[in-house]
Amino acid sequence: MVIGTLLAQVIVVLLAARLLGAAFRRIHQPRVVGEMVAGILLGPSLLGWAAPEVSRALFAPDTLGPLNALSQVGLLLFMFLLGLGMDLRLLGSRARAAVSISLASMAVPFALGVAVGMYLHPTLAPPGVGLTGFALFMGAAMSVTAFPVLARIVEERGLLHTRLGTLALACAALDDVIAWCILAAVVALVRAGAGPLPPWAMLAGAAAFVAAMVFGVRPLLARLATRFRGDGHGQRDALGMVLLVVLAAAWTTEALGLHALFGAFLAGVVMPRDRTVADAVAGRLEDATVVLLLPLFFAFTGLRTHIALVQAPGLMGILALVIVVAVAGKFGGAALAARRAGMDWRESAAIGVLMNTRGLMELVILNVGLEIGVISPALFAIMVVMALVSTVMTTPLLEWIYPPRLIRAEAPDSR
């Protein structure tokens, strides 16, 4: 019955994800937003409330192990693809502006998130979680930008070859790298003393792992890359080796007491920057990951999200506070830094709107926080709603601030 239950769960999840993804595309939202909503609706927030018998039959807690395992494999592959897609050469001649905007769009929401974390710690932190780890996690969660969702919006809006689009992509790429470094430090701090290794061994092991990946694995992958230019058999053999590297890297960071996602992400970062190789690897993995496995992650996130928890006394006010602080910090920090870098107010505001896109990356960070026990289910639900609100508002605000006529008037970036 295990395989039958798993297949039924996958069918329902994929059907809901495809239907809602298509529906959200029709209202000019990225498909991933619809898939995120589909995951939440399949959980206790709607299905468990409206049809509890159906929910128990499909998603009984004791049947979710295989679904969770599949979703985690999909998430590992996605993090690898995200690292593979990180190309800081996007900075080009705008490196100084991109770095200043990226740092401001991280520092301001991070500081505000830490302040909110200090305020919420007495009421919403799980028992035994210290103030420092909780506040730092809130800072990291507030400051992330969803590079994949932003890239899709930039492409769909025709901004890909404009100054605004390339600068936003460069800033988002830097943001994600910084956010994952911060999150790794937070995880190490929270798990210190409770993980398989003492804190000093965890830090030393992490440093040795990064050095081994950069100076040992990277040259090996560069030699392996030549096989991707060969025939089908050679490419399949090379892809098998790449997947082994990804899984081994993920296992190593998990064994060190960090999280498997960091190893998968670093495996993508150290892959050769040869576009032929990157495109060949991404082309073979991306469709199955995005179409099949990531919706399972959204569904599992939805099964962890109980929107009714937000309706508890006082939590609606906290939800409003979190949304306002998250949006104001990300938008304000990025927009003001863009203005200082010489962009006009309209372009600066558009940069702020784009950098406020949180989407999938926020859900990844929140799931890590819930898994390591640094946030409570109620705060998890609040932050999931914030991620949805901040992502959904991106497209309409961008159309209002930077309408299509301005995009059409701007020739491919020559400034």
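Since the model is a prediction, treat every value here as computed from it, not as a measurement.

## Let's talk about unusual backbone geometry
Then comes step 1: Unusually for a residue other than glycine, His-28 sits at a positive phi of about 65 degrees.
Then comes step 2: Position of His-28 relative to the elements: it lies in the loop between α1 (2–26) and α2 (31–41).

## Some remarks on the packing of helix α7 (residues 131–143) against helix α17 (residues 377–392)
Then comes step 1: α17 packs onto α7 with a crossing angle of 20 degrees between their chain directions and a minimal axis gap of 12 Å. Accordingly, the angle class assigned to the pair α7 and α17 is roughly parallel. The interaxial crossing formed by α7 with α17 has right-handed handedness. Here Phe-134, Met-138, Ala-141 and Met-142 of α7 come into contact with α17, specifically with Leu-379, Met-383 and Met-386.
Then comes step 2: Split by residue class, the contact of α7 with α17 holds seven nonpolar, no polar and no charged.

## Comments concerning the packing of aromatic side chains
Then comes step 1: Counting across every chain of the model gives one aromatic pair.
Then comes step 2: With centroids separated by 6.1 Å and ring planes inclined at 50 degrees, the aromatic side chains of Phe-297 and Phe-298 adopt a geometry described as tilted.
Then comes step 3: On the accessibility criterion, Phe-297 (2% relative accessible area) is buried.

## Some thoughts on α17
Then comes step 1: Taking 1.5 Å per residue, 16 residues should reach 22 Å; α17 reaches 23 Å between its end C-alpha atoms and fits that length.
Then comes step 2: For α17, the buried fraction is high: 13 of the 16 residues fall into the buried class.

## Thoughts on the side chain of Ser-390
Then comes step 1: Checked against the element boundaries, Ser-390 lands in helix α17.
Then comes step 2: Using a relative accessible area of 1% as the deciding quantity, one classes Ser-390 as buried.
Then comes step 3: Here the side chain of Ser-390 touches Ala-387 through a polar contact of 3.2 Å, landing on its backbone oxygen.
Then comes step 4: When neighbours within four sequence positions are excluded, Ser-390 is seen to be in contact with Val-327, Asn-356, Thr-357 and Arg-358.

## Some remarks on the nonpolar core
Then comes step 1: Met-79 and Ile-351 are the most contacted members of the largest nonpolar core, which has 129 residues in total.
Then comes step 2: Considering every element that reaches this core, the biggest residue donor is helix α9 (residues 163–191), with 15 residues.
Then comes step 3: If we skip the residues at most four places from it in the chain, Met-79 touches Trp-180, Leu-261, Ala-264, Phe-265, Met-361 and Val-364.
Then comes step 4: The next biggest cluster of nonpolar side chains, apart from the first, holds 18 residues, and it includes Ala-16, Leu-47, Ala-51 and Phe-59.

## Some words on the pattern of salt bridges
Then comes step 1: Going through the model one piece at a time under the given rule, you end up with one salt bridge.
Then comes step 2: Residues Asp-175 and Lys-330 are paired through a salt bridge, measuring 2.7 Å at the closest nitrogen-oxygen approach. Linking Asp-175 in helix α9 with Lys-330 in helix α14 (residues 315–340), this pair joins segments that are 155 residues apart in sequence. Across this residue pair, the class does not change: Asp-175 and Lys-330 are buried.

## Digging into a nonpolar patch on the surface
Then comes step 1: Taken together, the side chains of Ile-3, Leu-7 and Ile-11 define a hydrophobic patch exposed on the protein surface, amounting to about 320 Å² of accessible area.
Then comes step 2: Here Leu-7 is to be found in helix α1.

## Considerations on the environment of Gly-257
Then comes step 1: Tracing the sequence through the fold places Gly-257 in the loop between α11 (232–255) and α12 (260–269).
Then comes step 2: Judged by relative accessible area, Gly-257 falls into the buried class, the value being 1%.
Then comes step 3: Sequence separation of Gly-257 and Pro-198 is 59 residues, and the distance between their C-alpha atoms is 9.3 Å.

## Let's talk about the packing of helix α15 (residues 345–355) against helix α18 (residues 394–401)
Then comes step 1: With their axes 9 Å apart at the nearest point, α15 and α18 run at an angle of 175 degrees to one another. Between α15 and α18, the interaxial angle falls into the category roughly antiparallel. Contacts between α15 and α18 pair Arg-346, Ala-349, Ala-350, Val-353 and Leu-354 from the former with Thr-394, Leu-397, Leu-398, Trp-400 and Ile-401 from the latter.
Then comes step 2: In terms of residue class, the contact of α15 with α18 is built from eight nonpolar, one polar and one charged.

What counts and how
Residues numbered from 1 in each chain as written. Predicted model: local features only at pLDDT ≥ 70, side-chain atom pairs only at ≥ 80, totals over all residues. Heavy atoms only, no water. Helix = DSSP H or I, 4+ residues; strand = E, 2+ residues; numbered from the N terminus. Axes fitted to C-alpha atoms, helices over the stretch in contact; angles between N-to-C directions. Parallel < 35°, antiparallel > 145°, perpendicular 65-115°, else oblique. Left-handed = near helix turned anticlockwise from the far one by under 90°. Contact = heavy atoms within 4.5 Å. Nonpolar A, V, L, I, M, F, W, Y, C, P; charged D, E, K, R; others polar. Phe/Tyr/Trp six-rings, centres within 6.5 Å; stacked < 30°, edge-to-face > 60°. Buried < 20%, exposed > 50% of the residue type's maximum accessible area, 1.4 Å probe, protein only. Expected span 1.5 Å × (residues − 1). Polar contact = N/O pair within 3.5 Å; in protein donor to acceptor, adjacent residues only side chain to side chain. Core = buried A, V, L, I, M, F, W, Y, C linked by side-chain atoms within 4.5 Å. Salt bridge = Lys/Arg side-chain N within 4 Å of Asp/Glu carboxyl O. Patch = residues over 30% accessible without salt bridge, like charges linked within 9 Å, V, L, I, M, F, W, Y side chains within 5 Å. Areas by Shrake-Rupley, 256 points an atom, 1.4 Å probe, with all protein chains shown as cover.

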